[in-house]
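What follows is the residue order along each chain.
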Amino acid sequence: MKSIYLLSAVGVGVGCLYSFIFFIFNIGGGFISNDNKPAAFGVAALSILGTIVFLLLGRLIYNSNSYIGPSILIIVVTAILTLPVVDVTSNLIGTYQTYRAKPHVESYMNELRTGFVETIAPLEFDYNESKTETLRYWSNNGHDIWIKLRKKNETMTSEDLNNVINAYLQLSMK
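Let me sum up the structure you'll find in this document. (Residues numbered from 1 in each chain as written. Predicted model: local features only at pLDDT ≥ 70, side-chain atom pairs only at ≥ 80, totals over all residues. Heavy atoms only, no water.)

**Details of the pattern of salt bridges**
Right, so step 1: Applying the stated criterion to the full structure yields 4 salt bridges.
Right, so step 2: Across the pair Asp 126 and Arg 150 runs a salt bridge whose closest N-O atoms are separated by 2.9 Å. In this pair, Asp 126 is assigned in the loop between strand S1 (124–125) and helix H4 (127–136) and Arg 150 in strand S2 (residues 149–150), connecting sequence segments 24 residues apart.
Right, so step 3: We classify Asp 126 as buried; its relative accessible area is 17%.
Right, so step 4: Assessed through its relative accessible area of 40%, Arg 150 is described here as partly exposed. (Salt bridge = Lys/Arg side-chain N within 4 Å of Asp/Glu carboxyl O. Helix = DSSP H or I, 4+ residues; strand = E, 2+ residues; numbered from the N terminus. Buried < 20%, exposed > 50% of the residue type's maximum accessible area, 1.4 Å probe, protein only.)

If you want it as structure tokens, here you go:
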């Protein structure tokens, strides 16, 4: 039961962090939002009240004040470390998705390089940059494909774009 209570302190810490962020963004000039002091103070009061109730609940359950110190420590450490953990988790997920997508993107770009390039002349297909940009902006569903084309010493015309669209449609129907 002690571990469940201390694990709940992590949730209280995350809640305190988000209420602090809400308070900061809604007080005074509000960085990026309008001045909303009543909501900011309401959320701050609710956060403080919730933390006090959580600590008193622990005292009532365990008939001791020995859990208050570790609980406060966990709440403070969690509030401080939540944003870095979210950032690292996001980076790890992005790296993993890029790793998983890379063989598919390389295969698709190779297919484009062989079947697509001949039909879009005089445009040049930049394989490396297309692959890099596609991997950078790859979405979870894999619908974001970036194709980099160049036309030397001339401006691209609507006829060039029509050729690209038709060539892509022919390639996708294979």
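**Here's the deal with the nonpolar core**
Right, so step 1: Counting 14 residues, the largest nonpolar core has Met 109, Leu 112, Phe 116, Ile 120, Phe 125, Leu 149 and Val 164 as its most contacted members.
Right, so step 2: Secondary structure elements with two or more residues in this core: helix H3 (68–115), H4 and helix H5 (158–172).
Right, so step 3: The leading source of residues in this core is H3, at 4 residues.
Right, so step 4: Apart from the residues lying within four places of it in its own chain, the contact partners of Leu 149 are Phe 116, Ile 120, Leu 123, Glu 124, Phe 125 and Val 164.
Right, so step 5: In terms of nonpolar packing, the next biggest core, distinct from the first, is built from 10 residues, Ala 9, Cys 16, Leu 55 and Tyr 67 among them. (Core = buried A, V, L, I, M, F, W, Y, C linked by side-chain atoms within 4.5 Å. Contact = heavy atoms within 4.5 Å.)

**Comments concerning the packing of helix H1 (residues 2–26) against H3**
Right, so step 1: Interhelical geometry of H1 versus H3 gives an angle of 50 degrees and a closest axis separation of 7 Å. Overall, the two elements H1 and H3 adopt an arrangement that is oblique. Classified by chirality, the crossing of H3 by H1 is right-handed. In contact with Tyr 5, Leu 6, Ala 9, Val 10, Val 12, Gly 13, Val 14, Cys 16, Leu 17 and Ile 21 of H1, H3 contributes Pro 70, Ser 71, Ile 74, Ile 75, Thr 78, Ala 79, Thr 82 and Leu 83.
Right, so step 2: Here the contact of H1 with H3 is built from residues that sort into 14 nonpolar, 4 polar and no charged. (Axes fitted to C-alpha atoms, helices over the stretch in contact; angles between N-to-C directions. Parallel < 35°, antiparallel > 145°, perpendicular 65-115°, else oblique. Left-handed = near helix turned anticlockwise from the far one by under 90°. Nonpolar A, V, L, I, M, F, W, Y, C, P; charged D, E, K, R; others polar.)

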